[in-house]
Number of protein chains: 2
Amino acid sequence: MRRPSIGVFDSGFGGLTVLKELAAVIPAADYLYFGDTARLPYGSKSAETVARYAVEATHFLQQHGANMLVIACNTATALAFDKIVRAAQIPVVGVVEPGAERAAASSKNQKVVVIGTEATVASHAYLKALQARGVDVREKACPLLVPLVEEGWTEHAVTEQISRIYLQEAFGDGFQSADVLLLGCTHYPLLKTVVRRVAPAHIAIVDSAEATAQAVAELLKFKPPPTPSADERRQFARIKFFATDSVEKFRRLGGRFLGQPIEDVQHVDLKE
Amino acid sequence: MRRPSIGVFDSGFGGLTVLKELAAVIPAADYLYFGDTARLPYGSKSAETVARYAVEATHFLQQHGANMLVIACNTATALAFDKIVRAAQIPVVGVVEPGAERAAASSKNQKVVVIGTEATVASHAYLKALQARGVDVREKACPLLVPLVEEGWTEHAVTEQISRIYLQEAFGDGFQSADVLLLGCTHYPLLKTVVRRVAPAHIAIVDSAEATAQAVAELLKFKPPPTPSADERRQFARIKFFATDSVEKFRRLGGRFLGQPIEDVQHVDLKE
């Protein structure tokens, strides 16, 4: 099979947690990562605006050789998946369906709590995807978690306190028996330690980023080589980065999300 | 004098705290408020990007009849004031100079702490404006305060805790004797109660929004009528609202900043 060229799109840095999982699961690929940092965050914007931005990014990645597209952004997937699929001439994978699939499979009680940005929750994309699988769903918007991650307070006492407030509301009032927490935002994997500490002990935490990487591997019928180390595997993934705002900031902040230093970032002006 | 038509520009909702002060101080005016909500927040973006957006907004407001422009956005003032002045054919007032002027006048020790977004602080616009007035300055970026205001947690214990952390850092280490805190972000007037509670007791809080409204009144040589009530005064200001993202959200969130309900908002597409 031809070495795949996988376009990965996000409003900013969060999608790098998806890229990290992809590069670990499918190292023998080229990746084009597009972060629309000049217009982030998408989480507080309307469906029309997000769809317009996402379609522009889709065209950009196709023009630069992507033969597959991963929408590594919950908001863009939730608000604009159909429009992106119509605009793209290549296969498209979003983060919502893989996340919902894994959450449904992980829940014994068929009762799942989803946390995400305001826009993702308002779209009810996870609600619909999980209800279609017979799962009872509580959605909870957590608009402070993204800024806390971007402030770098991923282990801070304040972050723990805010997470506790959000999760108490989410798991209260009829949802005490939910047994899965689905992280419906690509920033949240950086908060896993804190979330694990404050979430009810019996629940499983499902991460859309991991689930999406697996879904892409299945689509490509990619079989990982026998037990290389994580470092060995990541070496083979060739990644190009594009950002619409400051490349210096992308390098600095992005490294935290990717879990490794980011060197070459190219600035892109989408001609607004 | 001809009734002034004052264009007021911000990345989103924060500038409404400036508009509120303007309408109270200069009620006999027409106001055009432009909130670039599709591309907010500016606080985390680069100078080039912010300048480009700000110049587009300037052209829009002029085309819609503004004969004076207030940049009711600390980030845009800090990063793009000169470019806006060059692009505009009308007088331009930003929030930085009036805020710095009042802070300098209020400080007995000539020692001021400024809090603002990451981009405002990185620009050192307040530092320069205050140093030019012989004032010693400490700048402190507080990136979580805007999301806390937008979450509606203006009186929340978590907001108090985060504000305390930020202010302890700001007033520590050589700045214990600072006697003025300058609110260098238009969202912060909504946090005045909390900030007053956690700030050192001896300090005066200076608000750029109030100072800017006074500066505009002086420029227009406007004298307020003898003691009408705030409600009476506000009735006379005619305000049109324009937003680049959802008008519904603008109405809902904006009312909190303006301190009164917002009815007619027109959606604007800046043709990106």
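Refer to the structure above for everything that follows.
Residues numbered from 1 in each chain as written. Chains lettered and ligands numbered in written order. Predicted model: local features only at pLDDT ≥ 70, side-chain atom pairs only at ≥ 80, totals over all residues.

Concerning the overall build of chain A
- In terms of regular secondary structure, chain A is built from 12 helices and 10 strands.
- Relative to its length of 272 residues, chain A is compact, with a C-alpha radius of gyration of 18 Å against a globular reference of 19 Å.
- Once the C-alpha set of chain A is aligned to its principal axes, its extents read approximately 50 × 40 × 35 Å.
- Out of the 272 residues in chain A, the part that is buried amounts to 54%. (Helix = DSSP H or I, 4+ residues; strand = E, 2+ residues; numbered from the N terminus. Rg over C-alpha atoms; globule rule 2.2 N^0.38 Å. Buried ≥ 20, exposed ≤ 12 C-beta atoms within 10 Å, placed from the backbone.)

Quick word on the packing of helix α2 (residues 47-63) of chain B against helix α3 (residues 74-87) of chain B
Residue and element names in this part refer to chain B.
- Axis separation between α2 and α3 bottoms out at 8 Å; the angle between their running directions is 50°. By the angle between their axes, α2 is oblique relative to α3. Handedness of the crossing formed by α2 with α3: right-handed. Of the residues in α3, those in contact with Ala-47, Val-50, Ala-51, Ala-54, Val-55, Thr-58 and His-59 of α2 are Thr-75, Ala-76, Leu-79, Ala-80, Lys-83, Ile-84 and Ala-87.
- Considered class by class, the residues forming the contact of α2 with α3 number 10 nonpolar, 3 polar and 1 charged. (Axes fitted to C-alpha atoms, helices over the stretch in contact; angles between N-to-C directions. Parallel < 35°, antiparallel > 145°, perpendicular 65-115°, else oblique. Left-handed = near helix turned anticlockwise from the far one by under 90°. Contact = placed C-beta atoms within 7 Å. Nonpolar A, V, L, I, M, F, W, Y, C, P; charged D, E, K, R; others polar.)

Remarks on the interface of chain A and chain B
- With 17 residues of chain A at the contact, the number on the chain B side is 17 residues.
- Elements that contribute at least two residues to the side of chain A that touches chain B include exactly α7 (145-151) and α8 (157-171) of chain A.
- Sort the elements by how many residues they give to the side of chain A that touches chain B and α7(A) lands first, with 4 residues.
- Here the side of chain A that touches chain B is built from residues that sort into 7 nonpolar, 4 polar and 6 charged.

Points about the sheet that holds strand β1 (residues 5-10) of chain A
Residue and element names in this part refer to chain A.
- With respect to topology, 6 strands assemble into an open sheet ordered β4-β3-β1-β2-β9-β10, the strand pairing being parallel. Lying at the two open borders of the sheet, with one neighbouring strand each, are β4 (92-94) and β10 (265-267). If you compare each strand with its neighbour and ignore which way they point, the axes differ by 20° on average.
- Of the strand pairs in this sheet, β1 and strand β3 (residues 68-71) are connected by 4 bridges, and their pairing is parallel. When the bridges of β3 are listed, Val-8 appears paired with Val-70. (Pairing = 2+ DSSP bridges.)

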